[in-house]
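Understanding the architecture of this molecule
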Amino acid sequence: MDKENLVALYRQMVLIRVFEDRAAEMYAKAKIAGFLHLYNGQEAVAVGAVSALNPDDDVVVNYRDHGWALARGSSARAVMAELFGRATGTTGGRGGSMHLVDVKNHFWGGYAIVGGHLPLAAGLAAAAQYLKTGRVTLCSMGDGSTNIGTFHAALNWAKLWNLPVIFMVENNQYAMGTHYDVHSAVPMLQKAAGYNMYAEEVDGMDVMAVREAVCRVAERARRGEGPSFLNVVTYRYRGHSMADPDVQRDKAEIARWKERDPITRFARDVLLKRNLVTPKELEDIQKSVEQEVEDAIEFADKSPEPALDTLYDYIYQQPVRNMQIAGSLIRPPTVAKDIPTNGKHA
Amino acid sequence: MAEITYREALKRALREEMQRDPTVVIWGEDVVAYAGGGAYGVTSGLAKEFPGRVRDTPIAEEAIIGVGIGAAMGGMRPVCEIMTVNFTLVAWDQIVNHAAKQSHMFNGQIKVPMVIRTPNGHGRTAATHSQNFDAWFAHVPGLKVVAPSTPYDAKGLLKTSIRDDDPVVFLEHLQLYGTRGEVPDEEYLIPIGVSDYKRRGKDVTIVTWGRMTMESLKAARILAEEGIEVEIVDLRTLRPLDLSLALESVHKTNRVIVVEEGWRTAGLGAEIAASLQEMAFNDLDAPIARVAGLEVPMPYARNLERATLPFAEDVVAAVHAMMQQQY
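Attention now moves to the sheet that holds strand E11 (residues 230-234) of chain B. Two strands in a sheet stick together by hydrogen bonds in their backbones, pointing the same way (parallel) or opposite ways (antiparallel). All names here are of chain B. Spatially, five strands are ordered E9-E11-E10-E13-E14 in an open sheet, and the strand pairing comes out mixed. Of all strands in the sheet, those bounded by a partner on one side alone are strand E9 (196-199) and strand E14 (289-293). On average, adjacent strands in this sheet sit at an angle of 25° to one another, irrespective of strand direction. As paired strands, strand E13 (residues 256-263) and E14 are joined by four bridges and run parallel to one another.

Shown next as structure tokens:
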């Protein structure tokens, strides 16, 4: 990778970090409601993985998806506006934090039912195989999703049909608050071995390691060698969501992982060590990112809420006759004018 | 016009659409070789006709639907067969949380043009294998739900469903697969969301669908001998619900019975009755009546199974009761 691209990886990670910190602030100010799952600590995973893919490869992830959307090219404005529930958001305020999407960038969405998106990823890969598009599907998930039925059903199917899909576990070692040793009976790689699937363990705090691993397995998939499995070991600095007081994790454990922070480590061990940037340039990047996120917040805050008359849009792609007689579709939405907006929820 | 079975009509629809569109595939449990193709024979022979396009899958309904959704997102038109409606429960998350949500939640960016074919039904198979979930599917915004009663409707509606850009739950019925009816050789389509008169009459309106359309027609023949002429509205589509013909019929007969196979409480009959009385209260000469399945987990014993399900005689009894009442 040349200097420009390496610096771009750094900038993306910083953008995600600053974006998440500011999102937490906006949540505290009740600008954002519902559930908010932050990506702090895991930045190297999305940034490294996306940098290894072609622009038309398909990406499907879980609800901890802000970093993925930003890495895949959604603007900070659109993502922040979505968190604010505004018409200018990635889904016009329909999906919120957990359901970002950007299909033009082949980002097929954040999915919030644990494990629910794994079969969808296999299906996207099945379509790529059947239609001979040459695309690879990258499916990211948490370690908590590796015990549910769809995980096993999707891995079995992908191996059986030799599908071009990468199952990537962002193993932050906690399913909400439950540690891996309490939620899983076997080591992670053994789960892939059960389906005789090519697997690697990756340092998820090292953006280059993630990038190289995804490059390797994407090439395997493009050569027709089928699915693979990456156990990307990482850590999230904050609780499961903003609703999580994070009392169950050992503070010393969090501190230990922060010593391996992917952003400072990449700056120190790669960018500065190789004299690719000066400390001043890193400061400038930090400032420009802070400005970009501040601008996104202003944009989101000024954006209108979605128009009420769009409420029924896209329930169906293809309207059918007699839709107007279908119960709820006949009635225009009626909403009180003075409802509190963006109220904070538990 | 040839008389063919409901099963054969479905197969012809699948064949014609596969010939027409190379992105149409059939995925499901035992759809290739078992018993010639399909647990109930609907896909028999298609795997040979369309190599690589009819594929057996693991017994993992959540993946059959989920992989189908993903493939539909990726540009295909999969027809996913779930062997019986009972097993759709394993895939309920995929159907409700994923198939039905994609288009609206992602603001139109994602479409899911897939068909989920599955039969309701019974046949001495006891509680876990003898169920009807029409109302469950019809409850969900984002799904289109179709339940044809005749070979003619089955063929025309399946072809339309495959061409539709939304997820369609296509509810067949085990007891209908062997029934026969006229189906033209030339191509035709039946639109989703349009109900149909299956019999004209002046005395009582029966609103029904699926297997109960056939039982209602049997009941109508018995009642005709007594001089009672029932009108039968076959909904054909359960979401969106087209009550326009039912409404038209009520204006004429002033009496309605909703006939459904599933459990009565919170059934589709309740929705239909409520909607009709909202729209036509002043036309009604009697409270809207319901014929439905008894609310018990289906027993295996022959006599108990029969007692649980509604048949023509229950429809006849309901019509008699309604005609005898003075209001």
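So much for the structure itself; the text now carries on.
Let's shift gears to the domain arrangement of chain B. Residues and elements named next belong to chain B. As far as domains go, chain B holds domain 1 (2-183) and domain 2 (196-324). Here domain 1 and domain 2 have C-alpha centroids that lie 26 Å from each other. In this assembly, 32 residues from domain 1 lie in contact with 26 residues from domain 2. A buried area of about 2,200 Å², summed over both sides, lies between domain 1 and domain 2, and 59% of it is on carbon and sulfur atoms. Considering only the surface of domain 1 that becomes buried against domain 2, His-122, Arg-124 and Ser-149 emerge as the three largest contributors, covering 27% of it. Connecting domain 1 to domain 2 are two salt bridges. In this structure, the salt-bridge partner of Arg-236 is Asp-153, at a minimum N-O distance of 3.0 Å. Of all elements in the fold, only helix H6 (134-138), strand E6 (144-146), helix H7 (151-163) and strand E7 (168-173) reach the threshold of two or more residues within the side of domain 1 that touches domain 2. Counted by class, the side of domain 1 that touches domain 2 contains 15 nonpolar, 13 polar and four charged residues.

A few words on the packing of helix H6 (residues 149-160) of chain A against helix H3 (residues 61-73) of chain B. Helix packing geometry: the angle between the two helix axes and the distance between the axes. Between H6 of chain A and H3 of chain B, the shortest axis-to-axis distance is 9 Å and the interhelical angle comes to 65°. On the basis of the axis angle, H6 of chain A is roughly perpendicular to H3 of chain B. In terms of crossing hand, the pair formed by H6 of chain A and H3 of chain B is right-handed. In contact with Gly-149, Thr-150, Ala-153 and Trp-157 of chain A of H6 of chain A, H3 of chain B contributes Glu-62, Ala-63, Ile-64 and Val-67 of chain B.

Along the chain, Arg-239 of chain B connects to Pro-240 of chain B via a cis peptide bond; the corresponding omega equals -5°. For Pro-240 of chain B, the position within the fold is in the loop between strand E12 (237-239) and helix H9 (244-253). Here the phi dihedral of Ala-30 of chain A falls at roughly 65°; this positive angle occurs in a residue that is not glycine. When you line up the elements, Ala-30 of chain A lands in the loop between helix H1 (3-28) and helix H2 (43-51).

Turning to the interface of chain A and chain B, a few remarks are in order. Listed per partner, the contact involves 48 residues of chain A and 57 residues of chain B. At the boundary of chain A and chain B, one finds zero salt bridges. On inspection of chain A and its partner chain B, the count reaches 23 residue pairs in polar contact (both at pLDDT 80 or more). Mapped onto the side of chain A that touches chain B, the elements with two or more residues apiece are strand E2 (107-111), helix H5 (118-131) and H6 of chain A. Sort the elements by how many residues they give to the side of chain A that touches chain B and H5 of chain A lands first, with 10 residues. Taken together, the residues that form the side of chain A that touches chain B break down as 26 nonpolar, 18 polar and four charged.

A few words on the packing of aromatic side chains. Following the criterion strictly, the structure yields 13 aromatic pairs over all chains and no others. Both rings, one in Tyr-111 of chain A and one in Phe-106 of chain B, keep their centres 5.6 Å apart while their planes meet at 75°; by these two values the pair is edge-to-face. Residue Tyr-111 of chain A is found in strand E2, and its partner Phe-106 of chain B is found in the loop between helix H5 (102-105) and strand E5 (115-120); the two belong to separate chains. A residue is classified by how much of its surface remains accessible, and Tyr-111 of chain A, at 2% relative accessible area, is buried. The exposure class assigned to Phe-106 of chain B is buried, which follows from its relative accessible area of 0%. Taking the centre distance of 4.4 Å and the plane angle of 5° together, the rings of Tyr-152 of chain B and Tyr-188 of chain B count as stacked. Highlighted residues: Tyr-152 of chain B in helix H7 and Tyr-188 of chain B in the loop between strand E8 (180-183) and E9, separated in sequence by 36 residues. You can call Tyr-152 of chain B partly exposed: its relative accessible area is 33%. The structure contains a cluster of three or more aromatic residues connected by ring pairs, namely Trp-92, Phe-133, Trp-136, Phe-137 and Trp-263 of chain B. Of note, Arg-200 of chain B hangs over the ring of Tyr-197 of chain B, and the distance from its end group to the ring centre comes to 3.7 Å.

This part covers the nonpolar core. One finds Phe-167 of chain A together with Ile-272 of chain B to be the most contacted residues of the largest nonpolar core, which totals 84 residues. The residues that make up this core include at least three from each of domain 1 (2-183) and domain 2 (196-324) of chain B. Excluding anything up to four places from it in sequence, Phe-167 of chain A contacts Leu-118, Cys-139, Met-141, Ala-154, Leu-155, Ala-158, Met-197, Ser-228, Phe-229 and Leu-230 of chain A. The next biggest cluster of nonpolar side chains, apart from the first, holds 69 residues, and it includes Ala-23, Trp-68, Ile-263 and Val-277 of chain A.

Moving on, we come to the pattern of salt bridges. Residue and element names in this part refer to chain B. In this structure the tally under the stated criterion is 49 salt bridges over all chains. Glu-17 serves as the salt-bridge partner of Lys-159, at 2.7 Å between the closest nitrogen and oxygen. Residue Lys-159 is found in helix H7, and its partner Glu-17 is found in helix H1 (residues 6-20); the two are separated by 142 residues along the sequence. Residues Lys-159 and Glu-17 agree in their burial class; the two are buried. With a closest N to O distance of 2.7 Å, Lys-198 and Asp-196 form a salt bridge.

On to the state of the cysteines, then. Tallying each qualifying case throughout the model produces zero disulfides over all chains. Cysteine Cys-139 of chain A remains unbridged, with the sulfur of Cys-80 of chain B as its closest cysteine sulfur at 18 Å. Assessed through its relative accessible area of 0%, Cys-80 of chain B is described here as buried.

Criteria and cut-off values
- Residues numbered from 1 in each chain as written.
- Chains lettered and ligands numbered in written order.
- Predicted model: local features only at pLDDT ≥ 70, side-chain atom pairs only at ≥ 80, totals over all residues.
- Heavy atoms only, no water.
- Pairing = 2+ DSSP bridges.
- Helix = DSSP H or I, 4+ residues; strand = E, 2+ residues; numbered from the N terminus.
- Axes fitted to C-alpha atoms, helices over the stretch in contact; angles between N-to-C directions.
- Domains from an automatic or database assignment.
- Contact = heavy atoms within 4.5 Å.
- Buried area = accessible area lost by both parts, 1.4 Å probe.
- Salt bridge = Lys/Arg side-chain N within 4 Å of Asp/Glu carboxyl O.
- Nonpolar A, V, L, I, M, F, W, Y, C, P; charged D, E, K, R; others polar.
- Parallel < 35°, antiparallel > 145°, perpendicular 65-115°, else oblique.
- Left-handed = near helix turned anticlockwise from the far one by under 90°.
- Polar contact = N/O pair within 3.5 Å; in protein donor to acceptor, adjacent residues only side chain to side chain.
- Phe/Tyr/Trp six-rings, centres within 6.5 Å; stacked < 30°, edge-to-face > 60°.
- Buried < 20%, exposed > 50% of the residue type's maximum accessible area, 1.4 Å probe, protein only.
- Lys NZ or Arg CZ within 6 Å of the ring centre and 35° of its normal.
- Core = buried A, V, L, I, M, F, W, Y, C linked by side-chain atoms within 4.5 Å.
- Disulfide = S-S within 2.5 Å.

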